[in-house]
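Coordinate inspection notes
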Amino acid sequence: MLTVEEKNLKFLLKIWIFSFLLAAAAFLVAPNLVIRFLNTVSLKLFPHLIPLPESTERFWLSLSGSLMVTLLFLLFGAVSDIARKKDLVFYVLVSKIASTVLFLSFFFLHQKSFTYILGGWVDGSIFLVTLFFYRRAVAAGYLQL
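Quick caveat, the model's predicted, so the values are computed rather than measured.

Bringing the confidence of the model for the protein into the picture now. Of the residues in the protein, 98% have a pLDDT of 70 or more, and the chain-wide mean is 95. Averaged pLDDT values for the elements of the protein fall to 93 in helix α6 (residues 114-144) and rise to 98 in helix α5 (residues 88-109).

The following block contains the structure:
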């Protein structure tokens, strides 16, 4: 029997699965369309920030695509038996905090681009929300023992 906290975590992870699938598809199928869209938003809201240049190669898409697939499998694994496999969420958290730190580092150390700030905000938000639900589910699981 799942605790309320485990059910809440499971629901959140299902939202992430859907969101990550959409994001992975957009990044892999139309990466420059994503960059163009974000640059358009940036120019309207923050004209002083530098647009991110479009990419002409796909080398890094192999790595980011494999990361998205790995994250999806971790999420699917956790959702399949949240009571026993919620520890898989820890690895998703590691990925999200790493990407948040890298996005913000690139903004401050490389180029003042809205896309870096947005990436840090999105992944940082995913990290914080997931951490909140994960910690509650883990604590509730210990209380049940």
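Overall, the coordinates contain seven aromatic pairs when judged by the stated rule. Centre to centre, the rings of Phe-132 and Phe-133 are 5.4 Å apart; their planes meet at 90°, and the pair counts as edge-to-face. Seen from the ring of Phe-20, Lys-96 lies directly overhead, with NZ or CZ sitting 4.9 Å from the centre. Seen from the ring of Phe-107, Lys-112 lies directly overhead, with NZ or CZ sitting 5.3 Å from the centre.

The relative placement of two packed helices comes down to the angle between their axes together with the axis-to-axis distance. Relative orientation of the contacting elements helix α3 (residues 59-80) and α5 amounts to 150°, with a least axis distance of 8 Å. Judged by the angle between their axes, α3 and α5 are roughly antiparallel. Our pair here, α3 against α5, has a crossing hand that is left-handed. Between α3 and α5, the residues in contact are Leu-67, Leu-71, Leu-74, Leu-75, Gly-77 and Ala-78 and Leu-88, Val-89, Tyr-91, Val-92, Ser-95 and Lys-96, respectively. Taken together, the residues of the contact of α3 with α5 break down into nine nonpolar, two polar and one charged.

Cut-off values and rules
Residues numbered from 1 in each chain as written. Predicted model: local features only at pLDDT ≥ 70, side-chain atom pairs only at ≥ 80, totals over all residues. Heavy atoms only, no water. pLDDT = per-residue confidence, 0-100. Helix = DSSP H or I, 4+ residues; strand = E, 2+ residues; numbered from the N terminus. Phe/Tyr/Trp six-rings, centres within 6.5 Å; stacked < 30°, edge-to-face > 60°. Lys NZ or Arg CZ within 6 Å of the ring centre and 35° of its normal. Axes fitted to C-alpha atoms, helices over the stretch in contact; angles between N-to-C directions. Parallel < 35°, antiparallel > 145°, perpendicular 65-115°, else oblique. Left-handed = near helix turned anticlockwise from the far one by under 90°. Contact = heavy atoms within 4.5 Å. Nonpolar A, V, L, I, M, F, W, Y, C, P; charged D, E, K, R; others polar.

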